[in-house]
Protein chains: 2
Amino acid sequence: MNKKELCPVEETIKLIGKKWYLMIINELMKNPRRFNELKNSIEGISSKVLSDCLTTLVQEELVHRRVFSEAPIKVEYSLTEKGRDLNKIFKDMDEWGTKWVIC
Amino acid sequence: MNKKELCPVEETIKLIGKKWYLMIINELMKNPRRFNELKNSIEGISSKVLSDCLTTLVQEELVHRRVFSEAPIKVEYSLTEKGRDLNKIFKDMDEWGTKWVIC
């Protein structure tokens, strides 16, 4: 299929339409985070699932993995420009959730 | 937990953060649809999964199920006000996907 024939909404859903991806991106919108910080802030996520999700999000260039050369090694995850550019979607979810769920 | 302590983004993700839900809502943003129309327009979805998703979306009051009393019985699915109010999120996904995926 030619790229021009793809539906941008469907392609976005295929990329980020997964509860854990959205939860991780939501956390990283607030601040860069270390693995354990992410694990502790996302209720119910296992280390294995978090690790797999982060690997995919890094591959998709939504998340940047930065390794600090100190002992013990420190690894920090943050959003790339592509990832940060999803902020409008999260702002809208905030508005929608405030109106329809937290009311 | 008090409702006021809930995070609106997380609650929204819990409600709609699933590929199939998002695909169905995206289709219904365009027009009301019958079951088979939805099935044919959403690539890869099985009848069982579509049926289960629609049941949940109706329970969550995002989708309205309308039965027309004609023979054979016609059932049409459309977005409720709560569902239609997600349109900004889908518009943002359209913009993001156009910029970062279809380029």
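What counts and what doesn't
- Residues numbered from 1 in each chain as written.
- Chains lettered and ligands numbered in written order.
- Predicted model: local features only at pLDDT ≥ 70, side-chain atom pairs only at ≥ 80, totals over all residues.
- Pairing = 2+ DSSP bridges.
- Helix = DSSP H or I, 4+ residues; strand = E, 2+ residues; numbered from the N terminus.
- Axes fitted to C-alpha atoms, helices over the stretch in contact; angles between N-to-C directions.
- Parallel < 35°, antiparallel > 145°, perpendicular 65-115°, else oblique.
- Contact = placed C-beta atoms within 7 Å.
- Nonpolar A, V, L, I, M, F, W, Y, C, P; charged D, E, K, R; others polar.
- Expected span 1.5 Å × (residues − 1).
- Buried ≥ 20, exposed ≤ 12 C-beta atoms within 10 Å, placed from the backbone.
- Arc of directions from axis to C-beta.
- Core = buried A, V, L, I, M, F, W, Y, C linked by C-beta atoms within 7 Å.
- Least-squares fit on C-alpha atoms with pLDDT ≥ 70 in both.

Undergrad: Explanation requested: the pairing of strand β3 (residues 74-79) of chain B in the structure shown.
TA: Within a regular strand, side chains alternate between the sheet's two faces. Residue and element names in this part refer to chain B. Two elements, strand β1 (residues 33-34) and β3, share two bridges in a ladder whose sense is antiparallel. Bridge assignment links R34 to a residue of β3, and that residue is E76. Two successive antiparallel strands, strand β2 (residues 63-68) and β3, enclose a turn made up of five residues.

Undergrad: What is the right way to look at the packing of helix α1 (residues 8-16) of chain A against helix α6 (residues 87-100) of chain B in this model?
TA: When two helices pack together, their arrangement is given by the angle between the helix axes and the distance between those axes. Where α1(A) meets α6(B), the axes come as close as 7 Å, and the angle between the chain directions of the two elements is 90°. When the interaxial angle is binned, α1(A) and α6(B) end up roughly perpendicular. On α6(B), the residues touching P8(A), V9(A), E11(A), T12(A) and I13(A) of α1(A) are F90(B), M93(B), D94(B), W96(B), G97(B) and T98(B).

Undergrad: Just checking my understanding: could you explain the interface of chain B and chain A for this structure?
TA: A common way to express how large an interface is: the accessible area buried when the components associate. At the interface, 32 residues of chain B touch 32 residues of chain A. Listed by contribution, the elements that provide at least two residues to the side of chain B that touches chain A are α1 (8-16), α2 (19-30) and α6 of chain B. The greatest single-element share of the side of chain B that touches chain A, amounting to ten residues, is contributed by α6(B). Considering only residue class, the side of chain B that touches chain A consists of 15 nonpolar, five polar and twelve charged.

Undergrad: Help me out: how do you make sense of α6(B) in this one?
TA: Because each turn of an α-helix spans 3.6 residues, side chains separated by three or four positions end up pointing in the same direction. Residues and elements named next belong to chain B. Between the first and last C-alpha of α6 there are 20 Å, a value that for 14 residues agrees with the 20 Å anticipated at 1.5 Å per step. By the burial criterion, the buried members of α6 are I89, D92, M93, W96, G97 and W100. Across the axial projection of α6, the buried residues extend over an arc of 130°, all falling on one side.

Undergrad: Would you mind showing me how to read the nonpolar core here?
TA: Soluble globular proteins tend to bury their nonpolar side chains together. Of all hydrophobic cores here, the largest spans 46 residues; its most connected members are Y21(A), I24(A), I25(A), Y21(B), I24(B) and I25(B). In this structure I25(B) touches I16(B), L62(B), L79(B), G83(B) and L86(B), once residues within four positions along its chain are discounted.

Undergrad: For this particular structure, what's the right way to read the packing of helix α6 (residues 87-100) of chain A against α6(B)?
TA: Contact geometry of α6(A) with α6(B) gives a least axis separation of 9 Å together with a crossing angle of 175°. On the basis of the axis angle, α6(A) is roughly antiparallel to α6(B). Contacts between α6(A) and α6(B) involve K88(A), I89(A), D92(A), M93(A) and W96(A) from the former and K88(B), I89(B), D92(B), M93(B) and W96(B) from the latter. The class makeup of the residues in the contact of α6(A) with α6(B) is six nonpolar, no polar and four charged.

Undergrad: Explanation requested: unusual backbone geometry in the structure shown.
TA: Excluding glycine, residues mostly have negative phi values, and the peptide bonds linking residues are mostly trans. All names here are of chain A. Residues A71 and P72 are joined by a peptide bond in cis, for which omega reads -5°. Along the chain, the position of P72 falls in the loop between β2 (63-68) and β3 (74-79). Phi at E61 is positive, roughly 65°, even though this residue is not glycine. Within the secondary structure, E61 is located in the loop between α4 (47-59) and β2.

Undergrad: Please clarify how the relation of the copies chain B and chain A should be interpreted in this entry.
TA: Superposition of the two copies of the chain requires a rotation about an axis together with a shift along that axis. Under the fitted operation, chain B is carried onto chain A by 0.0 Å of movement along the axis and a turn of 180°, and the coordinates agree to an RMSD of 0.0 Å. Look at the turn and shift together and you get a two-fold axis relating the two. When the interface residues of chain B are mapped onto chain A, 100% of them again fall at the interface, so both copies present the same face.

Don't take any of this as a statement about function, it's just geometry.
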